[in-house]
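An overview of the molecular structure
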Amino acid sequence: MVNLESAILPHLQKPRTCPISMPPNYTPPFPSYCARFPTSMSNLAMASIGAQYTSTEAFTHTAISKIKTFITTSPSSSPPSFWETASVIDKRGFYNITVMAYWPSSTAFETWKVESGFGPWWQSKDREADGHGWFLEVFLPSMNRFETVFSNNEVPEGAANMREKVSGEIGEHGYWGSSRDRLPAAQDDQLEGEGSGEAGEVSGVKSAESGVETKRGRVRVPGKKNLCVIRSGQNWSATLPAERKLYLETMHPVLVKGMEFLRDEGKSIGCYTNNLWDIVDSSTYEANVEKTFGFGFFDDLSSLERWSKSHQTHIDIFGGFLMYAKKLNNVLSLQLYHEIYVLEKGQQFFEYVGCHDGTGMFNTR
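Being a predicted model, the structure only gives us computed values, none of them experimental. Every chain's residues receive numbers from 1 upward, in the order its sequence appears when written. Local features in a predicted model are, by the rule used here, given only for residues with pLDDT of at least 70; side-chain atom pairs are given and counted only at 80 or more, and totals for whole chains, interfaces and linings are based on all residues. Water and hydrogen atoms play no part in the side-chain values, which are based on all heavy atoms of the structure.

1. Observations concerning the overall build of the chain
In DSSP terms, a helix is any run of H or I states spanning at least four residues, a strand is any run of E spanning at least two, and both are numbered starting from the N terminus. Regarding its fold elements, the chain presents seven helices and 15 strands. Relative to the compact-globule value of 21 Å for 365 residues, the chain shows a C-alpha radius of gyration of 20 Å, a close match. In terms of overall dimensions, the chain has a C-alpha envelope of 60 × 45 × 40 Å along the principal axes. We call a residue buried when its accessible area falls under 20% of the maximum for its residue type, exposed when it is over 50%, and partly exposed in between, using a 1.4 Å probe and counting protein chains only. The buried share of the chain, reckoned over its 365 residues, is 53%. Across the chain, the fraction of contacts at a sequence separation of at least 24, relative to all contacts at a separation of at least 6, is 80%. Areas reported here follow the Shrake-Rupley algorithm with a probe of radius 1.4 Å; residue values treat only the protein chains shown as occluding. Total accessible area on the chain is roughly 15900 Å²; 51% of this is exposed by carbon and sulfur atoms. As defined in this context, the radius of gyration uses C-alpha atoms, and a globule is described by 2.2 Å times the residue total to the power 0.38. The contact rule is simple, with two residues in contact once any of their heavy atoms fall within 4.5 Å.

2. Quick notes on the environment of Gln312
Its location among the elements puts Gln312 in helix 7 (residues 312–327). At a separation of 2.7 Å, a polar atom in the side chain of Gln312 contacts the side chain of Asp316. We call two N or O atoms a polar contact when they sit within 3.5 Å, provided that within protein one can donate a hydrogen and the other can accept it, with sequence-adjacent residues counted only if both atoms are side-chain atoms.

3. Thoughts on the layout of surface pockets
The method works on a 1 Å grid over the protein atoms by themselves. A cavity is a set of points holding a 1.4 Å probe that cannot get out, a pocket is an open set with protein on both sides within 12 Å along at least five of seven lines, and residues with an atom within 4 Å of a point line them. Grid points are joined across faces, edges and corners, and a volume is the space filled by probe spheres set on the points. Space inside the largest pocket adds up to approximately 960 Å³. Lining the largest pocket are 42 residues, with Ser179, Ser232, His314, Phe318 and His338 positioned closest to its centre. For the lining of the largest pocket, the element with the highest residue contribution is helix 6 (residues 301–310), accounting for six residues. Each residue receives one of three labels: charged for Asp, Glu, Lys and Arg, nonpolar for Ala, Val, Leu, Ile, Met, Phe, Trp, Tyr, Cys and Pro, and polar for the others, Gly being one of them. For the lining of the largest pocket, the residue count by class is 23 nonpolar, 16 polar and three charged.

4. Thoughts on empty space enclosed by the protein
With a probe scaled to a water molecule rolled over the atoms, the places where space remains empty come into view. Inspection of every chain in the model, using the stated rule, returns three cavities of 30 Å³ or more. Its volume calculated, the largest cavity comes out at about 200 Å³. Around the largest cavity, the lining is made up of 16 residues, and of these Ala7, Leu12, Ala35, Phe37 and Phe146 lie nearest the centre. Contributions of two or more residues to the lining of the largest cavity are made by strand 1 (35–36) and strand 6 (146–150). Tallying contributions element by element places strand 6 first for the lining of the largest cavity, with three residues. Of the residues belonging to the lining of the largest cavity, the class tally is eleven nonpolar, two polar and three charged. Of the voids in this model, the second largest cavity is the one considered here, and its volume is about 70 Å³. Contributing to the lining of the second largest cavity are Cys34, Ala35, Phe150, Asn152, Asn153, Glu154, Val155, Pro156, Ala160, Arg163 and Val166.

5. Observations regarding unusual backbone geometry
Despite not being glycine, Leu191 shows a phi value in the positive range, around 55°. Within the element layout of this structure, Leu191 appears in the loop between helix 4 (178–182) and strand 8 (204–206). For Tyr285, which is not glycine, the phi dihedral falls at a positive 65°. Within the fold, Tyr285 resides in the loop between strand 12 (271–280) and strand 13 (287–298). By relative accessible area, Tyr285 is classed as buried at 7%.

Structure below.
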């Protein structure tokens, strides 16, 4: 019998006043793991720094190349620990491309902004005249407001690239409410959100080409109490032909359907925004068609949980995965992961320059 570890490290454990969701005498149906970060880490930083174009045809490499310059070649004692590029065509047909970068602390991120020159460049009014949109979304979770889970203990994704090590098999997964059980802050806090709020003021203009409302300036969106952010990915590039066929015929279609529901109708269940992004080659910007991730913002963790437990789109995803794993005797080459942040207001920063009003948290105004 495998000795299961707790997802919450000892130094983050505290007397639990909020009930745990794990059923009595529970045995997980398949193995999962979480990233173990140094005990010296008190928080981390993740930033999505990107550009928006009216179409794929309008895309040029100039903007993303500029962002990469700040990330990779500008002088800084605190470059990101890990970064990658991703793209998506959003529900209005606009092409968005971003660098998603991670730092081991908010201090390291702030140092990078100053030393690389990114901060002054971003704040320059010139960004409003670049002929396309820009967006900056920053997340600064303390370690008690962050959790990870992985189907694979060998290939790191996202924040796990900053891990000290990977856990052994953990017990808190495979049942409804397991994400909350992995969050240290949820031991004594219900992490209730506030719902939608007010965004910054800015004048708007209708695009004659698309009829979509765009903005001639900067919009900074204030943080939301206990905003829940999930990055949930899948990588099937290493699967053998039989497993790949099974994934593409059974799992991937229901995943896409669920992500499209959250993208198009998510506000009805507390999802501010969601997109299914493609990882793209950082040199050619061509999509890796076998590696994607959903990136969504919910008004709080409960809304994410309700969708996961009760909405047919996620029931199909979860049920499909259980059948998928069973057919493969729980020996998977498919790599799945997610990371969840439940953020205090001061742990978020959202700013949009020349983007349409359905972009990211812009749509919460």
